[in-house]
Each structure stands twice: as structure tokens, then as C-alpha cells.
Amino acid sequence: MPGPRPAGPPANPAGRPPTAFTLLPWLLMGLGSLANVFRGETANPWLSGLGLLTFNTLYLFVAFRAFDERRRRAPATRLALAAMTVLTCALGLGYGGTWLLFFPLLGLAAGAALRGGRPATWGVALAALAGAVAGVKDGWDAIGIAYGTFLSTMVTAAILALSDAVRQLRAAREELARRAVEEERLRFSRDLHDLLGHTLSVIVVKSEAARRLAPHDLAAAVHQITDIESIGRQALTEVREAVTGYRDGGLSTELDRARSVLAAASVEPVVRRSGPPRPRTPMRCWAGWSGRR
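Residues numbered from 1 in each chain as written. Predicted model: local features only at pLDDT ≥ 70, side-chain atom pairs only at ≥ 80, totals over all residues. Heavy atoms only, no water.

Caption draft 1: Region of the structure containing the overall build of the chain. Counting secondary structure elements, the chain contains nine helices and two strands. Scanning the chain from its N terminus toward the C terminus, one meets helices and strands in the order α-α-α-α-α-α-α-α-α-β-β. Here the chain holds 293 residues, and the buried ones make up 31% of them. Only carbon and sulfur atoms are counted for the fraction: they give 63% of the accessible area of the chain, which is about 18,300 Å². (Helix = DSSP H or I, 4+ residues; strand = E, 2+ residues; numbered from the N terminus. Buried < 20%, exposed > 50% of the residue type's maximum accessible area, 1.4 Å probe, protein only. Areas by Shrake-Rupley, 256 points an atom, 1.4 Å probe, with all protein chains shown as cover.)

Caption draft 2: Inspection of the nonpolar core at higher detail. Judged by nonpolar contacts, the single largest core of 37 residues is most densely connected at Tyr59, Leu81, Met84 and Phe103. Those elements that place two or more of their residues in this core are α2 (45-65), α4 (75-95), α5 (102-113), α6 (119-138) and α7 (142-213). Ranked by residues supplied to this core, first place goes to α5 with nine residues. Apart from the residues within four sequence positions on either side, Tyr59 is in contact with Leu23, Trp26, Leu27, Met84, Leu105, Leu108 and Ala109. (Core = buried A, V, L, I, M, F, W, Y, C linked by side-chain atoms within 4.5 Å. Contact = heavy atoms within 4.5 Å.)

Caption draft 3: Spotlight on α4. When the terminal C-alpha atoms of α4 are compared, their 30 Å separation across 21 residues agrees well with the 30 Å that a helix rising 1.5 Å per residue should span. For α4, the set of buried residues is Thr77, Ala80, Leu81, Met84, Thr85, Leu87, Thr88, Cys89, Leu91 and Gly92. As for α4, its buried residues are in contact with α2, α3 (69-72), α5 and α6. Looking one or two places after α4, you find Gly96, whose phi comes out positive at around 65 degrees. (Expected span 1.5 Å × (residues − 1).)

Caption draft 4: Seen up close, a nonpolar patch on the surface. Residues Leu28, Leu31, Leu34 and Phe38 make up a contiguous nonpolar surface patch of about 440 Å² in total accessible area. The residue Leu34 is located in helix α1 (residues 31-39) in this model. Residue classification places Leu34 among the partly exposed residues on the basis of a relative accessible area of 32%. (Patch = residues over 30% accessible without salt bridge, like charges linked within 9 Å, V, L, I, M, F, W, Y side chains within 5 Å. Salt bridge = Lys/Arg side-chain N within 4 Å of Asp/Glu carboxyl O.)

Shape is all these values report; function is a separate question.
Following this line, the structure appears as C-alpha cells:
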């Protein structure tokens, strides 16, 4: 019989990770055996039908467990794979022909379930087993079955292992990005503490001094208040310099902020605009305004 086409997971153009449903279309390779059962071309249609049903059940069981790492490594998965191997050999020796195509399907399931170990060893072992069983029924045509089984095992294991590696790299990249954001926030908070800690302490001390001097020496109290204003303006300048590049806004955003601040101070701002809106870019804006109390 002609050698089967090498089986493997279909292409995934959307970039989504493969799932158990990726392996299901390959069950169509058993349609020839199903036709033999319905046509009565096997010695015992009921027994062969039961064997076909059992193989498909085991295949689905292994396929759906192969995409969960904990269940993939569980003994139940390995036992199901071993049962598939025994059943495939029995069906191949008992019926031959299209029933030998179950060996590439066995390679698909084995590649998916054993991809974390030594897929090359399993691929060679399954190919040798498939060649030996097929050789009893089909002679030299067994080479195609052995080659298809080996290729199915290796291609499936390689593609799924690569998908696992990509998924792990994406998770690691997201974790690194999250940690970088946290570290940047921590650094920024430390910078603000360094900038404002001493300044606020001086403002508190001078405010207390101004409060105590006000009843006795108004000029000295005014001098302290002037110092507070100067220190506050200097602190505001330092904070603005520190946050440069952290804000993503434009002229409209800055005008809204200025309007909010002026409204809180009972100042009615009047803003006149001309021309098209400016694009949003990371920037510090100084908006001119005129107002009246």
C-alpha cells in the first residue's frame, strides 16, 4: 500500500496556541477502517468495530490530557498511551490494510503526550514497532508506515514543544514588564520623597514660626510667609522637572487642569484658541490665561 502522508498538527496562522481540537481532524484517517466495518470486509465486524471505538476513545482521552501539563504527566495518560499501542498492534496484525494507518495516529498522540521527555527515542521506537507490525502484513510497504509514524511523532512533539516555549516566554515577558512597572513606581515615589521630604519639613517649621510671630511681630511673620512661598514655588518647579516624561497629555489636558486649579481659587479663566487641535504628545505645557476675581 502507498505510504501515508506525514501527520502533524495543522498550521496555526492566527498565532493562537494549539489545543486538543488541533489533533481531532486526524481521526479522519480512520475512515477507511470504518468503511471496512460497515461493508463487512473484516472477519468479525463487531469485534473490529469495538476495536475502532476503543482506539478513538483512547485517542481522545490522551489528546485532551496532553495539553494540561499536570494531567499529561499523570500515570493515567501513560497507561492510556500504552493501551493504545497494544490495541494498534492488535488491529494492525489482525486486519492490516487501512488499519495500519492507526500507527501514525498513535505517533500523534505519543508526540503530544511525551513531548517533555525524549521524543526522538519514542519516535524511533514507535517507528520500529510500526514497521515490524506492518511488515508482517504488507511486506516492504511497511517502510511508509514506519516513516509516517516517526514523522508524526517528531513533528507533533516539536511543534507543541515550541508552542510551550513561546507561551512560557510570553508569560516571562509579561512578568518582567509588570516588575519593571512596579520598580519604576517605587523609584518615582522615592524620588518624590527625596524632593519633597525636606521641603515640606521646612515649610512646616516656617509656618509654625509665622503663626507664633504674627501676634507680636507682623513684619517677621510676613518674612516667614514669603520664605514659605519661595520654598513652595521651588518645590513645585522641582516636582515638575521630576515628572517630565511621566505624563502623556496635550494642550487640552493642561488647559483642563489649569481651569480646575483656577476655579478652586475663585478665578474665572478665559481661554481663546485658534487653529486645529495640537496632537497629543508627552510634554509640559504652560497655558496663558487671563481672569478676574
